[in-house]
Amino acid sequence: MPTALGSLAEQRRRLVAARRIHWRRTRRLTAILLLVWLASTFCTVFFARELAAWSLAGWPLPFYLAAQGASLVYLAILGVYVLAMRRADRRFLALLKAAPGASS
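Numbering of residues starts from 1 in each chain and follows the order in which that chain's sequence is written. For this predicted model, a pLDDT threshold of at least 70 governs which residues receive local features, and a threshold of 80 or more governs which side-chain atom pairs are given and counted, while totals over whole chains, interfaces and linings are taken from all residues. To obtain the side-chain values, all non-hydrogen atoms of the structure were used and water was disregarded.

A. Quick look at the overall build of the chain. Runs of H or I in DSSP of at least four residues are treated as helices and runs of E of at least two as strands, each being numbered from the N terminus. Secondary structure assignment for the chain yields three helices and two strands. Throughout this description, buried means an accessible area under 20% of the type-specific maximum (1.4 Å probe, protein chains only), exposed means over 50%, and partly exposed covers the range between. Out of the 104 residues belonging to the chain, those deemed buried represent 16%. Contact definition: two residues touch when any of their heavy atoms are within 4.5 Å. The long-range fraction of contacts in the chain, counting pairs at least 24 apart against all pairs at least 6 apart in sequence, stands at 67%. When the accessible area of the chain is evaluated, it comes to approximately 8200 Å², of which 68% is carbon and sulfur surface. Here the open area of atoms and residues is found with the Shrake-Rupley method and a 1.4 Å probe, where only the protein chains shown may cover a residue.

Below, the structure written as structure tokens:
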């Protein structure tokens, strides 16, 4: 009986460690993507006068970013988040399945 309790405790430790790693990666990804969102939203407006000297397809860069670029950046952020989280979830499940005595 003590070995069964020991293996359960070991499984629990592995599960807690896998969750900790998973959520650390999730928080890091979220923070990076929020910084990209902040840069594409706030910095475009804040530095509009400096960016107005640049043009894209004949339009001033701040106008283009406000009209089209920000939406494309938001879609890219969503796509990156979906792909990265799918990969992270697969890694997490692989860690759970690799744990000894894991039930499937």
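B. View of the side chain of histidine 22. Looking at the element boundaries, histidine 22 is found in helix H1 (residues 2-46). On the basis of relative accessible area, histidine 22 is assigned to the buried category, the value being 8%. What histidine 22 contacts, discounting residues up to four positions off in sequence, is Met85, Ala88, Asp89 and Phe92.

C. Expanded view of empty space enclosed by the protein. Each cavity reported here is a set of points on a 1 Å grid over the protein atoms alone in which a 1.4 Å probe fits but cannot get out, each pocket an open set with protein on both sides within 12 Å along at least five of seven lines, and each lining residue one with an atom within 4 Å of a point. Grid points are joined across faces, edges and corners, and a volume is the space filled by probe spheres set on the points. Across all of its chains, the model carries one cavity of 30 Å³ or more by this definition. A volume near 30 Å³ is recorded for the largest cavity. The wall of the largest cavity is formed by Ala18, Ile21, His22, Arg25, Ala88, Phe92 and Leu95. Listed by contribution, the elements that provide at least two residues to the lining of the largest cavity are H1 and helix H3 (61-98). Top contributing element to the lining of the largest cavity by residue count: H1, with four residues. Considering only residue class, the lining of the largest cavity consists of five nonpolar, one polar and one charged. Gly falls in the polar group here, along with every residue not listed as nonpolar (Ala, Val, Leu, Ile, Met, Phe, Trp, Tyr, Cys, Pro) or charged (Asp, Glu, Lys, Arg).

D. Examining the pattern of salt bridges more closely. Each salt bridge in this description consists of a side-chain nitrogen of Lys or Arg and a carboxyl oxygen of Asp or Glu lying within 4 Å of one another. Counting across every chain of the model gives two salt bridges. A salt bridge links arginine 13 to glutamate 10; the nearest nitrogen and oxygen atoms lie 2.9 Å apart. Here arginine 13 pairs with glutamate 10, and both are found in helix H1, just three residues apart, close to one helical turn. The salt bridge partner of arginine 14 is glutamate 10, with a shortest N-O separation of 3.3 Å. Placement of the pair is arginine 14 and glutamate 10 together in helix H1, with a separation of four residues, close to one helical turn.

E. Up close: the packing of aromatic side chains. Here a Phe, Tyr or Trp ring, Trp counted by its six-membered ring, pairs with any other such ring whose centre lies within 6.5 Å, and the pair is stacked when the planes are under 30 degrees apart, edge-to-face when over 60, and tilted otherwise. Counted according to the given criterion, the structure contains three aromatic pairs. Here the aromatic rings of phenylalanine 46 and phenylalanine 47 are separated by 5.0 Å at their centres, their planes lie at 90 degrees, and the arrangement is edge-to-face. Using a relative accessible area of 54% as the deciding quantity, one classes phenylalanine 46 as exposed. Here the aromatic rings of tryptophan 59 and phenylalanine 63 are separated by 4.9 Å at their centres, their planes lie at 25 degrees, and the arrangement is stacked.

F. A nonpolar patch on the surface, seen in detail. Together, Leu34, Leu35, Trp37, Leu38, Phe42, Phe46 and Phe47 give the surface a local cluster of nonpolar side chains, amounting to about 740 Å² of exposed area. As for its position among the elements, leucine 38 is in helix H1. Here leucine 38 falls in the partly exposed class, since its relative accessible area comes to 38%. Nonpolar side chains (Val, Leu, Ile, Met, Phe, Trp, Tyr) within 5 Å and like charges within 9 Å form the patches, drawn only from residues with over 30% relative accessible area and no salt bridge.

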